[in-house]
Amino acid sequence: MKTSIDTIAAFTAASIWADGVYDEAEKIAVEEVAESLELDLVQFQDSVEQQLSKIQKLDEDDVCEYLRNAANDVDDEEIGIIFETAMQILITDNKLSCSEVDNLLFIAEVLGIEDSMAVMLLADLVRSEPELELSFED
């Protein structure tokens, strides 16, 4: 990966922050992300926790700015990987809500992914996860 661990951790932490809880399933998902991206597990876990600590102190507008800044450090060839990571983190609880979709669309925007492509990628993920529940309430 050309994108730094801290930048990947920033998007991972923002995805965790979406539901306000860093639960066991998300910790397992962080391990899976580290493994699939061949990142140093301990370093990635530490970075995710540091980034999450930063995000939890921010209001929504500041989180948006935080992600815009982080997006500048994503290697162009790895944008899809970062977006896929965010999607995986958001569905670790086997639920997908409207607010989580809003968060994903914002992540797509800052990464430069068109809404239509982001929706198609999300639809593909939903199709491949038969146990995923869609919640139309926030």
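Residues numbered from 1 in each chain as written. Predicted model: local features only at pLDDT ≥ 70, side-chain atom pairs only at ≥ 80, totals over all residues. Heavy atoms only, no water.

1. A short note on the packing of aromatic side chains
Thought 1: With the rule as written, the count across this model stands at zero aromatic pairs.
Thought 2: Lying over the aromatic face of Y22, K27 brings its terminal NZ or CZ to 5.3 Å of the ring centre. (Phe/Tyr/Trp six-rings, centres within 6.5 Å; stacked < 30°, edge-to-face > 60°. Lys NZ or Arg CZ within 6 Å of the ring centre and 35° of its normal.)

2. What to know about unusual backbone geometry
Thought 1: The phi angle at E38 is positive, at roughly 55 degrees, despite the residue not being glycine.
Thought 2: On the secondary structure map, E38 appears in the loop between helix 2 (24–36) and helix 3 (41–56). (Helix = DSSP H or I, 4+ residues; strand = E, 2+ residues; numbered from the N terminus.)

3. Focus: the pattern of salt bridges
Thought 1: This model, assessed by the stated rule, comprises one salt bridge.
Thought 2: R127 is the salt-bridge partner of D124, the closest N and O atoms lying 2.4 Å from each other. Here the residue D124 and the residue R127 both occupy positions in helix 7 (residues 115–128), the gap between them amounting to three residues, near one helical turn. (Salt bridge = Lys/Arg side-chain N within 4 Å of Asp/Glu carboxyl O.)

4. Some words on a negative patch on the surface
Thought 1: The grouping of D59, E60, D61, D62 and E65 at the surface amounts to a negative patch.
Thought 2: Counting through the fold element by element, E60 comes out in helix 4 (residues 60–71).
Thought 3: You can call E60 exposed: its relative accessible area is 57%. (Patch = residues over 30% accessible without salt bridge, like charges linked within 9 Å, V, L, I, M, F, W, Y side chains within 5 Å. Areas by Shrake-Rupley, 256 points an atom, 1.4 Å probe, with all protein chains shown as cover. Lys, Arg positive; Asp, Glu negative; His and termini not counted. Charge placed at Lys NZ, Arg CZ, Asp CG, Glu CD. Buried < 20%, exposed > 50% of the residue type's maximum accessible area, 1.4 Å probe, protein only.)

5. Structural notes on the packing of helix 6 (residues 98–111) against helix 7
Two packed helices can be described by the angle between their axes and the distance between those axes.
Thought 1: Following both chains from N to C, one finds helix 6 and helix 7 inclined at 130 degrees, their axes separated by 9 Å at the closest point. Judged by the inter-axis angle, helix 6 sits oblique to helix 7. Note that helix 6 runs across helix 7; the crossing there is right-handed. Between helix 6 and helix 7, the residues in contact are V101, L104, L105 and A108 and D115, A118, V119 and L122, respectively.
Thought 2: Looking at the contact of helix 6 with helix 7, its residues break down into seven nonpolar, no polar and one charged. (Axes fitted to C-alpha atoms, helices over the stretch in contact; angles between N-to-C directions. Parallel < 35°, antiparallel > 145°, perpendicular 65-115°, else oblique. Left-handed = near helix turned anticlockwise from the far one by under 90°. Contact = heavy atoms within 4.5 Å. Nonpolar A, V, L, I, M, F, W, Y, C, P; charged D, E, K, R; others polar.)

6. Description of a nonpolar patch on the surface
Thought 1: A surface patch of nonpolar side chains, about 290 Å² in accessible area, is lined by M117, M120 and L121.
Thought 2: By the secondary structure assignment, M120 is in helix 7.
Thought 3: Residue M120 is classed as exposed on the basis of its relative accessible area, which comes to 56%.

7. Description of the environment of D46
Thought 1: Tracing the chain through its elements places D46 in helix 3.
Thought 2: Taking the C-alpha atoms as reference points, D46 and Y66, 20 residues apart in sequence, are found 18 Å from one another.

8. Description of the confidence of the model for the protein
Reading fine detail from the predicted coordinates is not recommended where pLDDT is low.
Thought 1: Confidence in the prediction for the protein averages 93 pLDDT; 99% of positions are at 70 or higher.
Thought 2: When pLDDT is averaged over each element of the protein, helix 3 comes out on top at 95 and strand 1 (residues 95–97) at the bottom at 89. (pLDDT = per-residue confidence, 0-100.)

9. Some details on helix 7
Spacing of three or four residues puts side chains on the same side of an α-helix, whose turn is 3.6 residues.
Thought 1: Taking 1.5 Å of rise per residue, 14 residues should cover 20 Å, and helix 7 covers 20 Å from first to last C-alpha, within 8% of that figure.
Thought 2: Among the residues of helix 7, those classed as buried are A118, L122 and L125. Taken down its axis, helix 7 places every buried residue within 55 degrees of arc, on the same side. Opposite its buried face, helix 7 presents the exposed residues S116, M120 and R127, each directed more than 90 degrees away.
Thought 3: The inward-facing, buried residues of helix 7 contact helix 5 (79–90), strand 1 and helix 6. (Expected span 1.5 Å × (residues − 1). Arc of directions from axis to C-beta.)

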